[in-house]
Amino acid sequence: MATASKAKTPAAKPAAKTASKKVASKKVASEKPAGEKTASAASAAPRSAPAKAAKKTAAAAKPPAAAKPAKSAAAPAASADKVKGPASYFPSIEKTYGKPVAHWFAIIDALGARKHMDLVAELKSKHGLGHGHANALVAYRLAGKG
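It should be emphasised that the depicted structure is a prediction, and the values quoted were computed from it without experimental measurement.

The rules behind each value
Residues numbered from 1 in each chain as written. Predicted model: local features only at pLDDT ≥ 70, side-chain atom pairs only at ≥ 80, totals over all residues. Heavy atoms only, no water. Helix = DSSP H or I, 4+ residues; strand = E, 2+ residues; numbered from the N terminus. Buried < 20%, exposed > 50% of the residue type's maximum accessible area, 1.4 Å probe, protein only. Contact = heavy atoms within 4.5 Å. Phe/Tyr/Trp six-rings, centres within 6.5 Å; stacked < 30°, edge-to-face > 60°.

*Asks:* Whenever I open this one, the overall build of the chain confuses me. Can you help?
*Replies:* From N to C terminus, the chain includes eight helices and zero strands. Of the regular secondary structure in the chain, the N- to C-terminal order runs α-α-α-α-α-α-α-α. Residues classed as buried in the chain amount to 14% of the 146 residues present. For the chain, contacts bridging at least 24 residues in sequence account for 45% of all contacts bridging at least 6.

*Asks:* Is there a simple way to think about the packing of aromatic side chains in this case?
*Replies:* Summed over the entire model, instances satisfying the criterion amount to four aromatic pairs. When the ring of Phe 90 is compared with that of Phe 105, the centres are 5.8 Å apart and the planes differ by 80°; the resulting orientation is edge-to-face. Pair noted here: Phe 90 is in helix 5 (residues 90–97) and Phe 105 is in helix 6 (residues 101–110), with a separation of 15 residues, a long-range link. Neither residue differs from the other here; Phe 90 and Phe 105 are each classed as buried. For the pair Phe 90 and Tyr 140, a centre-to-centre distance of 4.9 Å together with 85° between the ring planes defines the contact as edge-to-face. Within this pair, whereas Phe 90 is found in helix 5, its partner Tyr 140 is found in helix 8 (residues 131–142), the two being separated by 50 residues in sequence. The exposure classification of Phe 90 matches that of Tyr 140, with both residues buried.

Structural data, given as structure tokens:
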């Protein structure tokens, strides 16, 4: 009775049969002429010739990279005037909290000589500044620029 209820599973197949099937499929694939497409290659190929022609036309319509207009000489001068570093946060700080940067510098000075992160923590907890804004103010002030 145990033999009748035994179901065939993939693991029960002999390994020799599986190996011979793999070898046979490789032979079939290698015996095909070079010009024939396999099923996977045929599905990846474009379906129509007009689509291929449209793609070529679109590629030809793009201007070459060298044909881009050259930047004017005024562009590098504008980037040299752009504010960088902690000071680049100042307009956002004034807009977000409604007080000038000088107000925040006065608060930092009133806190006395402390470590950078102590000053940042104080601005965040007592005055509600975000970490990036508090960090920018303290860094700028401690660098002696403000």
